[in-house]
Amino acid sequence: MKYTILCALLTLGLGFGQLNAQMQGKKGPRSFVDMLALYAVDNNMADPGESLGAGIAVGYGLGTHHLMLRGIVGFETTTNVQVPDVAKNLYYNPFVAIETGGGLWRSNGNQCGAKKQYAFTLLPKVGARYNFGTREGDIEQEVTPIESDLDFYGALELGYFFLDDYFKNSELYIEGGYFFQGEALYVRFGFRTFLNTKAIRR
């Protein structure tokens with residue numbers, strides 16, 4: 001586990017370095033504000049329904065058409081829908097995360113050089129996430145205790161949107177990944193509205 005976390009940290013560091021190298025000699029990075037992301041989530045795909053819920057997040061990303069660095073602030077609510085008392089299993093989790101990846105990020109064949117066309121994300125990534133939420137355990141009610149913690153993850157993000165405006169767009173996305181510390185597979189499916197802060201509104 002320690003080696004896995006170390007690899008994740010090294011990959012984050014390499015991502016920062018590659019992003020900086022890619023932006024040298026250019027007009028600066030692409031810059032996106034993720035105004036709002038709404039998503040459904042299952043944080044334990046090995047036991048579907050054990051950690052099922054929804055989340056909301058905002059973020060800010062820098063990058064190129066092939067590299068990304070993003071910070072995220074969010075809030076998730078999950079529960080175990082397999083037990084009789086779903087309410088007692090509710091877990092409220094504010095979190096912050098930072099992630100980096102390489103692949104195709106909100107781009108297409110002509111690097112979004114024209115409107116009225118489709119653009120995509122196909123982005124393997126790694127990240128670190130701090131979960132602030134806690135939950136007291138209750139053996140009789142089948143409630144598992146949860147403590148605040150720092151976790152690392154590797155994931156694949158797929159996204160799709162129609163480039164209708166250079167400044168503001170919305171995308172559908174799905175993300176599947178693995179939490180190294182929690183040793184759990186997760187999946188998210190959602191809708192995200194974002195602003196291109198370097199675009200001139202037309």
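Here's what I pulled together on the structure shown here. Quick caveat, the model's predicted, so the values are computed rather than measured.

### With respect to the packing of aromatic side chains
Then comes step 1: One pass over the structure, following the stated rule, counts 11 aromatic pairs.
Then comes step 2: Judged by centre distance (5.5 Å) and plane angle (85°), the ring pair of Phe 32 and Phe 194 falls under edge-to-face. Here Phe 194 lies in strand 9 (residues 184-196) and Phe 32 lies in strand 1 (residues 30-42), a separation of 162 residues in the sequence. An identical accessibility class is assigned to Phe 32 and Phe 194; each is buried.
Then comes step 3: Ring geometry for Phe 120 and Tyr 160: centres 5.9 Å apart, planes at 45°, overall tilted. With Phe 120 in strand 6 (residues 117-131) and Tyr 160 in strand 7 (residues 149-163), this pair connects stretches of sequence that are 40 residues apart.
Then comes step 4: For Phe 120, a relative accessible area of 37% puts it in the partly exposed group.
Then comes step 5: Using a relative accessible area of 35% as the deciding quantity, one classes Tyr 160 as partly exposed.
Then comes step 6: Three or more aromatic residues joined by ring pairs make a cluster, and in this case those are Phe 32, Trp 105, Phe 161 and Phe 194.
Then comes step 7: One Lys or Arg, Arg 129, reaches over the ring of Phe 95 and ends 4.0 Å from the middle of that ring.
Then comes step 8: When the ring centre of Tyr 173 is taken as origin, the NZ or CZ atom of Arg 192, which lies over that ring, is 4.0 Å away.

Parameters at a glance
Residue numbers restart at each chain and count upward from 1, following the sequence in its written direction. Since the coordinates come from a predicted model, pLDDT governs what is reported: local features require at least 70, and pairs of side-chain atoms require 80 or more to be given and counted, while whole-chain, interface and lining totals use all residues. Neither water nor hydrogens contribute to the side-chain values; these are computed over all heavy atoms in the structure. Classification of ring pairs uses Phe, Tyr and Trp, with its six-membered ring standing for Trp, and accepts pairs whose centres are within 6.5 Å; under 30 degrees between planes counts as stacked, over 60 as edge-to-face, and the remaining range as tilted. For the purposes of this entry, the term helix denotes a DSSP run of H or I that reaches at least four residues, the term strand denotes a run of E that reaches at least two, and both are numbered from the N terminus. The classification of residues rests on relative accessible area computed with a 1.4 Å probe and restricted to protein chains. Under 20% of the type maximum is buried, over 50% is exposed, and intermediate values are partly exposed. Two conditions define a charge sitting above a ring: the NZ of Lys or the CZ of Arg must be within 6 Å of the ring centre, and it must be within 35 degrees of the ring normal.

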